[in-house]
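# Structural overview for review
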Amino acid sequence: MTTITLPLWYDLHVHLRQGENMNAYIQAQIDMGCAGVLAMPNTKPPVGKVLDSDPLDYWSIEYYLHQIVHAGGDAFKVAIIPLYLTKDTTVQMIENGKRSGLLRACKYYPPHGTTNADHGCPLESFMDNGVLHAMEEHGIVLCVHGEDHGLSGVDYFDATTNAEKSFYLKVMPKLREKFPNLKIVCEHITTKEAVDFVHISGKNIVASVTPQHLLFTVGHLVQGLKYHLYCLPLVKFEADRDALRQAVIDPYNTKFFAGTDSAPHTTKATECGCAAGCFTGGIAPQLYATAFEKTNLNLDDRLSQEIFERFLCLNGAHFYGLPIPDKTFDLVREESVVNVLNTKAESIVPLPLGLNMTTLPWTLNV
Ligand code: DOR
Ligand code: ZN
């Protein structure tokens, strides 16, 4: 039976939310071998300031970090919280944040473009008001949710164009040209255009990839309307999934890494729509391993295991300057059952169960 021993890894894009369910979400990360996380700031209220002493009416990184630690996050070696870029973000906030040691990254959300993105502002506004310039100067990473906002109909999603594709063709090249040294993570990329953009950019531009975008296409979503697979950016087409798969299985891959975008929702489908986000806490390494083997890679083979390790454990850590933990966990080729996550009040359906997949071909020993 194949056993792959890996160093504990960092999930460099996850939603831990707020309130009493945080403990369960954090435990799910620990259960899947995470040594640390990059926890997204689209909480309610959003994490829109760095320091508690700042009078603005947002949560601070300082405060949210405290909540994470309190909810069991003291088990993490690392917890990075990006600052949510809002209309109130200033150059001074970046400078003071850098000095405090609390600010390592900022998150761009397209206005109203996804869950709790109502505080986002157009990326162009941060190009003009000095914020991105200050981030470039101070080595603060920009985490980008790369979708055009305010699009409708064919422009939003069509066989030839969509919100992500147009963002990577039009907005991102402008950003790269204006701020050539800015460290950028193209988050949860889903299209061939985004993959190409990362490939042709310098070492300062990298990307995170989710399990769902490596495993599924929009066909899986619409056939039977499997709303547990509804996340943003949407799963795309075969050529896009193929570009993502080729990028992560490249033996020379240093730029593409794991960031699950695991996003728990206690209510997914509502009367007038669906909350965006797939929950993959506890099972992401198993899902990534499954996706890797959908290519011509066989994880019984040592070289393939090294490629997988670079994606899951090394590339992202290197980009953020995080230490590779000595502690390890095992990924074993043995069937495991997928369970619902029970929290105090509700239960969260993990993505495979939402797709009627009750087992996975891998088991974790952490
Ligand atoms: O699918 C998503 N869910 N995409 C996002 O950008 C946000 C996330 C969430 O917070 O649920
Ligand atoms: Zn996210």
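Going by the structure above, here's the rest.
Here we summarise the structure given alongside this text. (Residues numbered from 1 in each chain as written. Chains lettered and ligands numbered in written order. Predicted model: local features only at pLDDT ≥ 70, side-chain atom pairs only at ≥ 80, totals over all residues. Heavy atoms only, no water.)

## Things to note about the overall build of the protein
As a reminder, the rule being used: Only DSSP runs of H or I with at least four residues qualify as helices, and only runs of E with at least two residues qualify as strands; both kinds are numbered from the N terminus onward. A radius of gyration in this sense is built from C-alpha atoms; the matching globule rule multiplies 2.2 Å by the number of residues raised to 0.38. Throughout this description, buried means an accessible area under 20% of the type-specific maximum (1.4 Å probe, protein chains only), exposed means over 50%, and partly exposed covers the range between. Every accessible area reported is derived by Shrake-Rupley at a probe size of 1.4 Å, with residue values counting cover from the shown protein chains alone. His is not counted here, nor are the chain ends, while Lys and Arg score as positive and Asp and Glu score as negative. The location of each charge is read from NZ of Lys, CZ of Arg, CG of Asp or CD of Glu.
Per the secondary structure count, the protein includes 13 helices and 20 strands. What you see for the protein is a C-alpha radius of gyration of 19 Å, in line with the 21 Å of a compact globule of 366 residues. Expressed along its principal axes, the backbone C-alpha trace of the protein runs to roughly 55 × 45 × 45 Å. Counting every position in the protein, which comprises 366 residues, the buried fraction comes to 59%. Counting only carbon and sulfur atoms, one obtains 51% of the accessible surface of the protein, whose full area is about 14,700 Å². Of the charged side chains in the protein, 29 are positive and 40 negative; the average position of the first set lies 2 Å away from that of the second.

## A closer look at the pattern of salt bridges
Filter applied, for reference: A side-chain nitrogen of Lys or Arg and a carboxyl oxygen of Asp or Glu constitute a salt bridge if their distance falls within 4 Å.
Under the defined criterion, the tally for this structure stands at nine salt bridges. As a salt-bridge pair, K87 and D88 come within 3.1 Å of each other at their nearest N and O atoms. Since its relative accessible area comes to 22%, D88 is described here as partly exposed. Across the pair D300 and R333 runs a salt bridge whose closest N-O atoms are separated by 2.9 Å. With D300 in the loop between helix 11 (284-292) and helix 12 (302-320) and R333 in the loop between strand 15 (328-332) and strand 16 (336-337), this residue pair connects regions lying 33 residues apart in the sequence. Look at the salt bridges and you will find they share partners, linking E293, D300 and R333 into a network.

## So, the side chain of S304
To keep it simple, the criterion reads: Residues are treated as being in contact if the distance between any of their heavy atoms lies within 4.5 Å.
Residue position: S304 is located in helix 12. If we ignore the near neighbours within four places in the chain, the residues touching S304 are L297, N298 and L299.

## Some points on the sheet that holds strand 6 (residues 78-80)
Test applied: Two strands are said to pair when DSSP picks up at least two bridges between them. Here the axes come from fitting lines to C-alpha atoms, over the contacting stretch only for helices, and the angles between their N-to-C directions go from 0 to 180 degrees.
Read across the open sheet, the three strands follow the order 2-3-6; overall the sheet is parallel. This sheet does not close on itself; its edge strands, each paired only once, are strand 2 (9-14) and strand 6. Pairwise comparison of adjacent strand axes, ignoring direction, gives a mean angle of 15 degrees for this sheet. By the bridge criterion, three bridges tie strand 3 (residues 34-39) to strand 6 in an arrangement that is parallel. Bridge assignment links V37 to a residue of strand 6, and that residue is A79. Set on the sheet, helix 12 makes contact with strand 2, strand 3 and strand 6; between it and strand 2 the angle comes to about 70 degrees.

## Some details on the site of ligand 1
Going by this rule: When at least one non-hydrogen atom of a residue lies within 4 Å of a molecule or strand, that residue is treated as near it. Any pair of nitrogen or oxygen atoms within 3.5 Å is treated as a polar contact; in protein, a donor-acceptor pairing is required on top of that, and neighbouring residues in sequence qualify only through side-chain atoms on both sides. Ten residue types, Ala, Val, Leu, Ile, Met, Phe, Trp, Tyr, Cys and Pro, are classed as nonpolar, four, Asp, Glu, Lys and Arg, as charged, and the remainder, Gly among them, as polar.
Near ligand 1, the surroundings consist of 13 residues, among which R17, N42, L232, H265 and A276 are the closest. Measuring from an oxygen atom of ligand 1, one finds a side-chain N or O atom of R17 at 2.8 Å. Measuring from an oxygen atom of ligand 1, one finds a side-chain N or O atom of T114 at 3.0 Å. Considering ligand 1 on its own, with 290 Å² of exposed area, one finds that the protein chains cover 100% of that surface. Tallied by class, residues from the shell around ligand 1 come to four nonpolar, seven polar and two charged.

## Overview of the pairing of strand 8 (residues 105-108)
A regular strand places its side chains on the two faces of the sheet in alternate fashion. To be explicit about the condition: If the strands point away from the viewer and the path from the first strand over the helix to the second runs clockwise, then the crossover is right-handed.
Every second residue of strand 8 is oriented toward a common face, with A105 and K107 on one face and C106 and Y108 on the other, all of them buried. Note: strand 7 (residues 83-84) against strand 8, two bridges, orientation parallel. Looking at strand 8, one finds that Y84 is bridged to K107. In this region the chain leaves strand 7, passes through helix 3 (residues 91-100) and returns to the parallel neighbour strand 8; the handedness of that crossover is right-handed. One ladder, built from four bridges, connects strand 8 with strand 9 (residues 141-144); its direction is parallel. Following the sheet pairing, A105 is matched in strand 9 by V141.

## Points about the packing of aromatic side chains
Applied cut-off: Centres within 6.5 Å make a pair out of two Phe, Tyr or Trp rings, where for Trp the six-membered ring is used; the pair is then stacked when the planes are under 30 degrees apart, edge-to-face when over 60, and tilted otherwise. Two conditions define a charge sitting above a ring: the NZ of Lys or the CZ of Arg must be within 6 Å of the ring centre, and it must be within 35 degrees of the ring normal.
This model, assessed by the stated rule, comprises twelve aromatic pairs. Their ring planes at 55 degrees and their centres at 6.3 Å tell us that Y25 and F279 sit as a pair that is tilted. Taken together, the residues span a long stretch of sequence, with Y25 in helix 1 (residues 22-31) and F279 in the loop between strand 14 (273-274) and helix 11 at a distance of 254 residues. Here a set of aromatic residues connected by ring pairs shows up, and it is made of Y108, F167, Y168 and F197. Cation over ring: K183 sits above F319, and NZ or CZ is 4.4 Å from the ring centre.

## Digging into the coordination of the zinc ion (ligand 2)
Ideal geometry at a metal gives 109.5 degrees between four tetrahedral donors and either 90 or 180 degrees between six octahedral ones. Defined as follows: Donor atoms (N, O, S) are those found within 2.8 Å of the metal centre, with the cutoff raised to 3.2 Å for Na, K and Ca; water is not part of the atom list, so apparent gaps in a site can occur.
Donor atoms from the polypeptide that coordinate the zinc ion (ligand 2) comprise H13 (NE2), H15 (NE2) and D261 (OD), at 2.0 to 2.1 Å from the metal. Each donor residue of the zinc ion (ligand 2) belongs to the same chain, with the gaps between them written as H-x1-H-x245-D. Assessed through its relative accessible area of 1%, H13 is described here as buried.

## Things to note about the sheet that holds strand 7
Read across the sheet, six strands follow the order 7-8-9-10-11-12 without closing on themselves; strand pairing throughout is parallel. In this open sheet, the two strands that pair with only one neighbour each are strand 7 and strand 12 (256-258).

As far as function goes, none of this settles anything; it's purely spatial.
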